[in-house]
Every structure is written in structure tokens, then in C-alpha cells.
Amino acid sequence: MKVKILVFFVLVGMFPVKAQKGYLIHDFMKGYTLYYIQQKTDSETKEYYELTEDKTKKIVLEFGAKELSKPQTSKIAKKASFKSISDSNIRILGDVNFDGRQDIVIHETEINDDGCYTAQATAYVFVNTSNGFLSSPSISRLYNDAYCVRGGSFEIDSKNKRIITSSSGGAALHVSSYYSISGIEAKEIATFEEEGDPFSPFFKITGKKWKGNDWVSFSSLSVYEPNLEKVFSFDTKNEKGRVLLFKAKDILYYAFQQNDEYKFISFAYPSSPEKADKSTFKFRKQSVTYELEFNSGSIKYIAYESPNETGIKIYVNGKLSDWQGTAKTGTLATLANGNFKNVIKE
């Protein structure tokens, strides 16, 4: 009896114990059935994914250890909802190339410590095309590189049809890159650094954009609106941008945020705390209207607010442009009782 038990343990030690589980999933992606099987031993985990189109019964995606797709293995598969499976490495990524189809990302089972900020599993992006799901080395590399760096992120910007990757070099330095996607290929179209100043509400932007057939350098400013102590703000009806009046310590700032894909600040007054002494606002109340006037060179600006209207008037060489506002928050009336080192009350 003792000899038999000893032989049993020797055999177990010679042959790794395999634990298998398989699933048939109908709610992973509309119009498709996902077959997923996982096999674990003491030394490794293997997975196999097979996605079949319900209408044609055609296999449109295969990934992983194909030996697990044998008929005898598939018999163990049971029907399950995708949400009930906690340890799968497949998910719907979103529409990465903006063609109206949902795309997929699959991660390997092994975590690699290959020089990234944190160890991660290599990911593979599959783009949903008319010929099935095609592996995209270009977008996969972009996805993996995004999460390889500190504070990395991968964002699908559906509105502007681009991919945005971001990273953090610390509390005051952020790097972002923008990519256009054609089919299964990604192309960088802009990249910039955003550097903060603890004494200024603005972030300094430096970078480059692809224009025509070459890179063009650019610089600008940005603000993170949720962090601002806003006094008065509105969007312009002409859709050119957004007016922001906000307080930082005892200084009043004006900023115009462009209504484009980058949302940078095209004009700020003052542009830094050091310029506050030479950046003076004049506040006044006329009947039921509040006005805030300031000058930048030869250009005069008057932000106004009445019970029925909001906007900003811009005088350039005697010519008036009246940019009416909408979606107002706050009020200029706050300035009547506020104390700002660069506001004169008339």
C-alpha cells in the first residue's frame, strides 16, 4: 500500500496537473459568439479565444494556444455571460479607427517587466474589418507604449476622430501625442509637453503639429477648468471658443479657450502673475448691466452681463465685434464686492 502511494506521488510530480475551463459566450459582442478556454498548470497559463460571426458561422478571430481548440477540449465549454467571467484577458476596446465597428484588445497571460514604468502584459489590438478582425501591429504598439510610461493612458477621441496617448513626468509635466488612424495603421499628427508652474494658473504648452508635409512647432497655454475658482464664464454663440474669468489668489485672470480639438488658450490677460501689475481691469455697473473692460495693446475688450444678454465686445482699430455668449456660469456682479489687486472699480 505504501509503495502504491509513493508511485502515485512520483507520477504527479512528473506530470503537471492541468486545470481547464471553457466558455461559450453570446453577449460579448452583438452578432458574435465567443469561445474561450483556459488551461492552467503549476508553471503556466494558456488561453485560446475564437470569435465566430453568428450569421455566417465564420471564424473571424483566433488568438492564443490553438491546441486548446481540439474537439475533446471544446466539450467542456459551458454557456456563460461575459460579465460572470472575471479572469479573461479579452475586452472590447472601442472603435479605434472610427469606421462604426467595435474593435478588440487581448492581453497575454504573462506579465513582462521589460523596462516599463510598471510591469504589464503585452496587448494585441484587433481591428474589425469586412474581412474579419485583423491584428494591427501599429495600434498595438501604440497601446502598449502608452501604458509603458508613468501615468500612461490611451484615449479614443470619437468627436475629433483621433487617438490620444498621455503620460506624466511628475505633478507638473505631462506629455500628450495625437494620432490619426487609417484602416489598421496609426500616424502621429501632434505631440506636446504641458509644464505647470506652481505660481501660475496656466500650463505652458510646447510641441509640434503635422501640417502639410512637415512638422510645425507651436507654443500656447492651457488651464484645467475644474481646478479654477471661476468668477464668470460663457461659450460664444459664434462657436469660436470659451471665455473664462477666474481668480487665483488676489489676481483676476481672463482667458479665451479655443473651440478646436486641442482646447488651448489663445489669449490670456495677464498671462502670468508677474504681469498682473500691468494688466488692469476696469469694473463698472451701468443701470442693470455689469461691464469689465481691459486693453491689450491697441485692442479693447469689454465683457458684459445684463439680465438678458452676456458676451464680450472687441474693438480693433475702431471696428466692433460683439461676441454674444451662451451657457453662462457665475456673474460679473461678484466683482462688486471682491478684492483684486488688478481690478479698478469705477
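Bear in mind that the values here come from a model prediction, so they are computed numbers and not experimental data.

Caption draft 1: Expanded view of the packing of aromatic side chains. For the structure on display, the rule yields 29 aromatic pairs. Ring centres 5.3 Å apart and planes at 50° place the aromatic pair Phe 63 and Tyr 124 in the tilted group. Residue Phe 63 is located in strand β4 (residues 59–64), and its partner Tyr 124 is located in strand β8 (residues 123–129); the two are separated by 61 residues in the primary sequence. With relative accessibility at 19%, the residue Phe 63 sits in the buried group. Residues Phe 256 and Trp 323 carry aromatic rings whose centres are separated by 5.6 Å and whose planes lie at 50° to one another, so their mutual orientation is tilted. Highlighted residues: Phe 256 in strand β18 (residues 251–258) and Trp 323 in strand β24 (residues 319–330), separated in sequence by 67 residues. For Phe 256, a relative accessible area of 8% corresponds to the buried category. These aromatic residues form a ring-pair network of at least three members: Tyr 254, Phe 267, Tyr 269, Phe 281, Phe 294 and Tyr 301.

Caption draft 2: Molecular detail of helix α3 (residues 137–148). When the terminal C-alpha atoms of α3 are compared, their 16 Å separation across 12 residues agrees well with the 16 Å that a helix rising 1.5 Å per residue should span. Looking at α3, one finds that the buried residues are Ser 138, Ile 139, Ser 140, Leu 142, Tyr 143, Asn 144 and Ala 146.

Caption draft 3: Examining the nonpolar core more closely. One finds Leu 245, Leu 252, Tyr 254, Phe 281, Leu 292, Leu 332 and Leu 335 to be the most contacted residues of the largest nonpolar core, which totals 23 residues. Every element with two or more residues in this core is listed here: β16 (229–236), β17 (241–248), β18, β19 (265–269), β20 (281–286), β21 (289–296), β22 (299–305) and β23 (310–316). If we skip the residues at most four places from it in the chain, Leu 252 touches Val 231, Leu 245, Phe 246, Tyr 269, Pro 270, Phe 281, Leu 292, Leu 335, Phe 340, Asn 342 and Val 343. In terms of nonpolar packing, the next biggest core, distinct from the first, is built from 18 residues, Phe 28, Leu 34, Leu 51 and Ile 104 among them.

Caption draft 4: Just the state of the cysteines, in detail. Scanning all chains against the criterion turns up 1 disulfide. A sulfur-sulfur distance of 2.0 Å marks the disulfide that ties Cys 116 to Cys 148. The chirality of the disulfide connecting Cys 116 with Cys 148 is left-handed, given an S-S dihedral of about -100°. In this pair, Cys 116 sits in the loop between β7 (103–107) and β8 while Cys 148 sits in helix α3, placing the two residues 32 residues apart along the sequence.

Caption draft 5: Inspection of the pattern of salt bridges at higher detail. If you walk through the whole model with that rule in mind, you get 14 salt bridges. Here Arg 242 makes a salt bridge to Glu 225, at a shortest N to O gap of 2.9 Å. In this pair, Arg 242 sits in strand β17 while Glu 225 sits in the loop between β15 (214–222) and β16, placing the two residues 17 residues apart along the sequence. Classification of Arg 242 as buried rests on a relative accessible area of 13%. For Glu 225, a relative accessible area of 18% puts it in the buried group. When the shortest N-O distance is used, the salt bridge between Lys 328 and Glu 305 registers 2.9 Å. In this pair, Lys 328 is assigned in strand β24 and Glu 305 in strand β22, connecting sequence segments 23 residues apart.

Caption draft 6: Structural detail: the sheet that holds strand β6 (residues 90–94). Pairing in this open sheet of 4 strands is antiparallel, and the strands run β6-β7-β8-β9 from one edge to the other. The open sheet has two edge strands with one neighbour each: β6 and β9 (132–135). Mean inter-strand twist for the sheet, computed between neighbouring axes without regard to direction, equals 35°. Direction of pairing for β8 relative to β9: antiparallel, over a ladder of 4 bridges.

Cut-offs used in this document
Residues numbered from 1 in each chain as written. Predicted model: local features only at pLDDT ≥ 70, side-chain atom pairs only at ≥ 80, totals over all residues. Heavy atoms only, no water. Phe/Tyr/Trp six-rings, centres within 6.5 Å; stacked < 30°, edge-to-face > 60°. Helix = DSSP H or I, 4+ residues; strand = E, 2+ residues; numbered from the N terminus. Buried < 20%, exposed > 50% of the residue type's maximum accessible area, 1.4 Å probe, protein only. Expected span 1.5 Å × (residues − 1). Core = buried A, V, L, I, M, F, W, Y, C linked by side-chain atoms within 4.5 Å. Contact = heavy atoms within 4.5 Å. Disulfide = S-S within 2.5 Å. Salt bridge = Lys/Arg side-chain N within 4 Å of Asp/Glu carboxyl O. Pairing = 2+ DSSP bridges. Axes fitted to C-alpha atoms, helices over the stretch in contact; angles between N-to-C directions.

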